[in-house]
Amino acid sequence: MIVYHGSYIEMLKPDTAHSRSKVDFGKGFYTTPLLEQAESWSLKFKGQGKKGIISSYIFDEKAFSELNVLRFNSYCEEWLDFIILCRSGNDNTSYDIVTGGVANDKVFNTLELYFDGLIDKKEAIKRLKYEKPNMQICFRSQKAIDKYLHFKESKSL
């Protein structure tokens, strides 16, 4: 499978050391199988006066059966609970890879309503079902990156 990473620099050798914590699936290297999504990630940097660069990789899907992987096939209560755990900085799980939907701006608005106690979990999930599908694959261990993710090419936007 080809996956993409949107940034302002070419990522020949991705690592987990330079990633932020308190994001959707915790500290890791984030990719997506959706080129349009990677382009939108990259365009955020372009808006800051930096180049937008899409790096692409060949992802060996054997990782799904050989590593400790958590997969969310839809927005669900478990996905919401995990996002909250990671974004609050309280994640101490040992997953090598986590896949699932992105908590983008529209999704985050729903999450904020939930965090503020203005809607309950069931209402949050109901609202999220109407969002445009998206997908992220977070490589949380260097082992997952080194063995299963291989740089292919990059392009400037």
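Colleague: Please provide a residue-by-residue account of the side chain of Thr16, values included.
Modeller: With respect to the helices, strands and loops of the structure, Thr16 is situated in the loop between strand S1 (2-7) and strand S2 (29-31). Among the residues examined, Thr16 registers a relative accessible area of 16% and is labelled buried. For Thr16, the residues in contact, after removing those within four places along its chain, are Lys27, Gly28, Phe29, Phe139, Arg140, Ser141, Gln142 and Ile145.

Colleague: Hey, could you go over the side chain of Ser141 for me, with residue numbers and the actual values?
Modeller: In this fold, Ser141 is placed in the loop between strand S6 (136-139) and helix H6 (142-148). Overall, the relative accessible area of 13% leaves Ser141 in the buried class. At a separation of 3.1 Å, a polar atom in the side chain of Ser141 contacts the main-chain amide nitrogen of Ala144. The contacts of Ser141, once residues within four sequence positions are left out, are Thr16 and Asp96.

Procedures and definitions
- Residues numbered from 1 in each chain as written.
- Predicted model: local features only at pLDDT ≥ 70, side-chain atom pairs only at ≥ 80, totals over all residues.
- Heavy atoms only, no water.
- Helix = DSSP H or I, 4+ residues; strand = E, 2+ residues; numbered from the N terminus.
- Buried < 20%, exposed > 50% of the residue type's maximum accessible area, 1.4 Å probe, protein only.
- Contact = heavy atoms within 4.5 Å.
- Polar contact = N/O pair within 3.5 Å; in protein donor to acceptor, adjacent residues only side chain to side chain.

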